[in-house]
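Each chain, written out:
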Amino acid sequence: MNVGILGCGTMGRLHAEMAEKCGLKVVQCSDVNSQSGKDLAKNFKAKFVKNWEDVVANKEVDIVAIATPTPLHFPMLDMAIKKGKYIFCEKPLCRTVEECKKVIQKAEKAKIKLFVGHVVRYFHEFEAIHEQIKSGKIGEVGFIKMYRGGMPPQGKNSWFRDFSKSGGVTFDCMIHDIDWLRYIFGEVKTVYCQNLIEKNCAPLDYSQVTVRMKNGVLALVIGTWAHPSGFRVKVEVCGSDGLMYYDNMETPLEVQLREQSKVSGTIVPESPVIKSPYQKEWEDFISWIKDGKEPRVSMYDALKAVEIVSACLRSAKIKQPVNL
Amino acid sequence: MVKLGIMSFAHLHAYSYAHCVNLIPEAELTAIWDDDKERGKEASKQYQTNFVEDLDKFLSLPIDGVIITSENVNHKPMAIKSAEAGKWILCEKPLATTIEDAMLMINTCKKAGVGLGVAFPCRFLTPILKAKEYIRSGKLGTILSISCTNNGSYPGGWFGDVKLSGGGAVMDHTVHVADLLRWMLDKEFDSVYCELGNQMHKGILETDDMGCLQLEMEGGIQVSHIASWNRPKSFPTWGDVTMEFIGTKGVLYLDAFNQKLNIYSDFAMKTEWGFWGDNPDLGLIQDFVNSIQEKRDPMSKGIDGLRSVEVTVFAYESYKAGKKVKIKKSKC
Ligand SMILES: NC(=O)c1ccc[n+]([C@@H]2O[C@H](COP(=O)([O-])OP(=O)(O)OC[C@H]3O[C@@H](n4cnc5c(N)ncnc54)[C@H](O)[C@@H]3O)[C@@H](O)[C@H]2O)c1
C-alpha cells in the first residue's frame, strides 16, 4: 500500500518513517514549505507535490497521513473521505467539536477507516501503568496526577504559538493525558481548567485541569509550555492499597557531549525501546485495514477527547466547572 | 528563662515541639497537661518534665506560654482559657475548624493582650526561605501560575473523626500551602474550586482523604493544590510539600523535604527516606520563645491562621456548591 503525507514537519517526517518501517511505501508528500516537502521527498524517494489536494486525489495513494497544523485537518479529512482513502490523522482530530462530528458522520457513511494518533495509549510506560492498575497491585485507583510539557513550541512563526490555531497546551498537548484517562477510567463528568490563554502570555502557556470521572476517580492534569528547557512527563497513580509513580527523567541512558566550541553540552536523557509507540500505532492501524481488527483508538474516542479539551478551554474562559 | 507548657499530645507534632523546647537554652518545658492522662504522663517522662492533670492548676503555674497540640476542634476552648490566664499561645494548625472560632480566638487574645501564633513550621524550612528569596528578587519575573501538593499518609485516630478534626485531608493539608503562598507572594486568595473524595480509604473513613483545589490569588495568579492522605503505608516517608512557580522570566520547582537518603533496610522491609535537612520545628519554637521575650506575636499570627482557615472553609463550600466560590475575608 502507498502512503501520501500531508504536512512534512516534525510529525510528517516521523510518520513517513513509521509507514516505511511497517512495509508501506511513501509515494507522495505535500507541504506549503517546499523545502520541508522536498527534503522529505528526497529521504523517502517520494514525489513532492505542491498542492495537497493533488496528493489526496492521486489514485496511487491508498493511505493519507495528515500531519499539518490542526485547523487544516478538517478540509483534508473531508477530501480524503470523499476520495475513499484510508486515513491516519494526527490528534487532535479537528480544531472544533462540530468539525469532528461532521467528519465522523461522513466517514461512517462512506465506511472509511479513520485512525487518530492518540499515541500515548501505545507508550510502553503508559501500557505498564495500565497493566499494574488492572492487576490490582495498588488497589482501587482514586486519584491521578499527570504532568506533561516543557518549552513553548520553538520557531518564531510556529503555528503552535497562535493559540486560536493550536488551542494552546490544553488542547494540543494535554489531550494526550485526558484521552488516556478516559481510555482507562471511562467517561468524564466535570472539568475545571485554569490556563494562560486569556492572559496573553503566548508563546507561554501553563494549564491546570481538574478532571472528575463519572466513576468518581479524580485527576489533576498539568501541562506546560512555559519552561525554559527540557521535556517532562510525570504520572502518579494513587490507589486504596498503594501508589505508583513514573518520571521520564529516570532513564537508562544519559548522554553529554563535549563540544569544543561550547562551554558545556546539555544532558540528553534517552529511553530506547525496540519498537517506538509511533510504530505500534501504525501497526494497529494497518492491521485494522488488513485484518479488520479494531484498533485501540476509534474516531469516537478522538471526538470525545476534543469534546473534553474544548470543555476545558470553556471552563478557563468562564472560570467555572463545565459538565460534559 | 522562658517557661513553656504543652497542652495535649493528641497531635503527633507535640513530640517534636517538646524536643525542640528542650534544645533551646533559654527555654524550659515546665509542664504538660493532657486530657489523656496516660499519654500525658508518658510524655512528661520522655521529656523530663511535670505532668499536671488539672487544667486550671496547669494554667495557674508560672508558665509564660503554651503550645496547643490538641485535636483541631479543641484548639478554641484551650486557647481561650489560656489567653484568659495571660499565656502566650502557639497553636497547632489549622488554627480552628471554622471562621467564627478563629475570630473568637484572635479577639480573645487581643483583649487579653497575649500573643497568638499558628504553627506553620514550613515558613522555617531552609529550601522554602531560599525559594522565597528567588521569588522576591524578581529573578523569575511576574509569577503567573503555581502548582502545589501537600500529600501525606492518613495520620489515623481522631483525624478521621469529623467531630474532632472538622474535616479530612482538605482540612489537614490545605493550610500549610495556603499560608506559604500568602507569605511568599504577599498576596491573598480570591477564589477556590474544590473537588474531593475518600477513595484512598474507602469504607474506613467518613472524611475526605483526597482533595484537589484550584485557586486564584490577587492579580489573577492561577494555583492548583493537592491536599491529600494518598501516601500508602508502604511509602518511604510521611508525605511532601512541593511547589512549582511559573514566572515570566523563569520557573522554580521546590520539593521542600527532598534532602534525604534512600534507605533499603531488611529490618524495615520497605524503602525509607532519611531526612537530613535543617529542622524547621526548631525555628518555629525559637520564634515562639523570642516572641514571648519581645512581647510580640509569633511570626505566623492569628490573622495568618484565619486566612488559611478561610481558604479551607470555602474549599469545602465550593465542593458542596459544585462551583467556584469567592473566598470572603473576615475583618478582625
Ligand atoms: N502525537 C504527537 O505526539 C504529536 C506531537 C506533535 C504534534 N502533533 C500534531 O501533529 C500535527 C502537526 O504537528 P507538527 O509538530 O508536525 O507541526 P509542524 O509545524 O512541525 O509541521 C506542520 C507542517 O505542515 C505544513 N503545512 C502548513 N500548512 C500546510 C498546507 N496548507 N499544506 C501542506 N502542508 C502545510 C507546515 O509547513 C509544516 O511543515 C498537529 O495536529 C499536532 O497537534 C502530534
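Residues numbered from 1 in each chain as written. Chains lettered and ligands numbered in written order. Predicted model: local features only at pLDDT ≥ 70, side-chain atom pairs only at ≥ 80, totals over all residues. Heavy atoms only, no water.

**Student:** Teacher, can you tell me more about the overall build of chain A here?
**Tutor:** On a plain count of helices and strands, chain A comes out with 11 helices and 15 strands. Its C-alpha atoms give chain A principal-axis dimensions of about 60 × 55 × 45 Å. In chain A, which comprises 324 residues, the proportion classed as buried is 57%. Sequence-distant contacts, at least 24 apart, represent 67% of the contacts inside chain A between residues at least 6 apart. Counting every atom, chain A has about 14,700 Å² of accessible surface; 51% of that belongs to carbon and sulfur. Placing the 46 positive and 38 negative side-chain charges of chain A at their respective mean positions leaves the two points 4 Å apart. (Helix = DSSP H or I, 4+ residues; strand = E, 2+ residues; numbered from the N terminus. Buried < 20%, exposed > 50% of the residue type's maximum accessible area, 1.4 Å probe, protein only. Contact = heavy atoms within 4.5 Å. Areas by Shrake-Rupley, 256 points an atom, 1.4 Å probe, with all protein chains shown as cover. Lys, Arg positive; Asp, Glu negative; His and termini not counted. Charge placed at Lys NZ, Arg CZ, Asp CG, Glu CD.)

**Student:** How should I be thinking about the packing of helix 6 (residues 124-135) of chain A against helix 9 (residues 175-185) of chain A in this particular structure?
**Tutor:** Helix packing for two helices is described by the angle between their axes and how far apart those axes are. Residue and element names in this part refer to chain A. Between helix 6 and helix 9, the least distance of the axes is 11 Å, while the angle of their chain directions is 25°. Taken together, the axis directions place helix 6 and helix 9 in an arrangement best described as roughly parallel. At the point where helix 6 passes helix 9, the crossing takes the right-handed sense. Residue-level inspection shows Phe126, Ile129, His130 and Ile133 of helix 6 in contact with helix 9, the latter providing Asp177, Trp180, Tyr183, Ile184 and Phe185. A per-class count over the contact of helix 6 with helix 9 returns 7 nonpolar, 1 polar and 1 charged. (Axes fitted to C-alpha atoms, helices over the stretch in contact; angles between N-to-C directions. Parallel < 35°, antiparallel > 145°, perpendicular 65-115°, else oblique. Left-handed = near helix turned anticlockwise from the far one by under 90°. Nonpolar A, V, L, I, M, F, W, Y, C, P; charged D, E, K, R; others polar.)

**Student:** What is the right way to look at the domain arrangement of chain B in this model?
**Tutor:** A common way to report how large an interface is uses the accessible area buried once the components associate. Residues and elements named next belong to chain B. Splitting chain B by domain gives domain 1 (2-120 + 281-301) and domain 2 (123-278 + 309-326). Of note, the centres of domain 1 and domain 2, computed from C-alpha atoms alone, are 25 Å apart. The partner domain 2 presents 19 residues to the 21 residues of domain 1 that form the contact. Roughly 1,700 Å² is buried in total at the junction of domain 1 and domain 2, and carbon and sulfur atoms are behind 69% of that figure. Summed over the three residues of domain 1 that lose the most area to domain 2, namely Ile99, Phe120 and Met299, the buried surface amounts to 35% of that side. Taken together, the links from domain 1 to domain 2 amount to 1 salt bridge. The partner of Asp172 in a salt bridge is Lys93, with the nearest N and O atoms 2.9 Å apart. (Domains from an automatic or database assignment. Buried area = accessible area lost by both parts, 1.4 Å probe. Salt bridge = Lys/Arg side-chain N within 4 Å of Asp/Glu carboxyl O.)

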